[in-house]
Amino acid sequence: MSGKFINQVAVVTGGSTGIGFAIAQALLAEGAKRVYITGRSAATLDAAVAALGDNAVAVVSDVAQQADLDSLKALVEARDGQLDAVFANAGVCEKNPVGETTEAAYYNMFDINVKGVFFTVQTLLPLMKDGSSIVLTASICSVTGMEGLSLYSASKAAVRSFARTWANELKGRKIRVNALSPGFTRTPLMDNGLKMDESQIQALKDHVEQTVPLGYMAQPEEIASSALFLACADAKYVNGVELIVDGGLTQI
Ligand SMILES: NC(=O)c1ccc[n+]([C@@H]2O[C@H](COP(=O)([O-])OP(=O)(O)OC[C@H]3O[C@@H](n4cnc5c(N)ncnc54)[C@H](OP(=O)(O)O)[C@@H]3O)[C@@H](O)[C@H]2O)c1
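First, a word on scope: everything that follows refers to the structure included in this document.

What counts and what doesn't
Residues numbered from 1 in each chain as written. Predicted model: local features only at pLDDT ≥ 70, side-chain atom pairs only at ≥ 80, totals over all residues. Helix = DSSP H or I, 4+ residues; strand = E, 2+ residues; numbered from the N terminus. Buried ≥ 20, exposed ≤ 12 C-beta atoms within 10 Å, placed from the backbone. Contact = placed C-beta atoms within 7 Å. Near = placed C-beta within 6 Å. Nonpolar A, V, L, I, M, F, W, Y, C, P; charged D, E, K, R; others polar.

In this section: the overall build of the chain. The helix and strand tally for the chain stands at 8 helices and 7 strands. With the C-alpha coordinates aligned to their principal axes, the bounding extent of the chain is approximately 45 × 40 × 40 Å. Of all 252 residues assigned to the chain, the portion counted as buried reaches 44%. Taking as baseline every contact in the chain between residues at least 6 positions apart, the subset at least 24 positions apart corresponds to 72%.

With that settled, consider the environment of Val 12. Take Val 12: it is sitting in strand 1 (residues 9-12). Distance from Val 12 to Ala 24, taken between C-alpha atoms, is 6.7 Å for residues 12 residues apart in sequence. Apart from residues lying up to four places away in sequence, Val 12 is in contact with Gly 20, Ile 23, Ala 24, Val 35, Ile 37, Phe 87 and Asn 89.

If you check the shell around the ligand, you find 32 residues, and the closest are Gly 14, Gly 18, Gly 39, Arg 40 and Gly 91. Secondary-structure elements contributing two or more residues to the shell around the ligand are helix 1 (18-29), strand 2 (34-39), helix 4 (103-124) and helix 6 (188-192). Its residues assigned to classes, the shell around the ligand shows 11 nonpolar, 19 polar and 2 charged.

Printed below as a string of structure tokens:
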């Protein structure tokens, strides 16, 4: 531990599993004073806090619900006053073959992945210190066209776009805003959102071995370390970028 987040307070939306959990874990290992993790399932959040320890706080909060975001803000404000970092990470990934997609599926994807990121940041902004940092979890799908993922990909292109405009718009407060775009990462998103069974996940791992220059699927911790880089002082001149963390897949 090098203590890059000593005494800092952060919010990680979607911090109960996968990449968000790994971000929370890494922040605490780097000395964070408090990390608020959010999600919709209280049971999953409780299990996460049991693993993360007393400096993690579970908040049942749906990013698609403004009232939930307002409650999150009120809780953070009452306990810590200000924030050093916000990781707008919560997101869902489901297939939507064009021709078979319902209006409800459209709204679900955009309400969580786009509206959720927008209003997370807008709601927490008054608590953010000048010079603090926002990291938005996008995806390599922001720049690819994988079959059956048009809504997800468009939602992540929107997230990437937010980082550009907000980096500009928040310059007066010296708040840095960057997007983090993971490649294939082994998280519950594959089981729950994409509804892949073990054999399908194994087939994807085999595909990744052949196509990703580094030859394997990332673990959440390997994505979290890049999220922390973007948020910490080492990246103090990095602003508005999309940091692609995909083992080289989209770069060759
Ligand atoms: N895994 C990958 O290969 C990959 C690649 C590129 C980008 N990403 C992105 O990385 C981010 C994290 O995904 P992950 O792979 O770590 O998946 P994950 O393990 O399924 O984590 C998703 C997290 O978001 C929460 N969440 C979902 N909907 C929410 C909502 N409406 N409000 C609040 N929290 C919500 C989930 O908790 P609840 O379900 O309890 O709400 C969970 O904590 C997502 O934005 C995803 O698009 C993942």
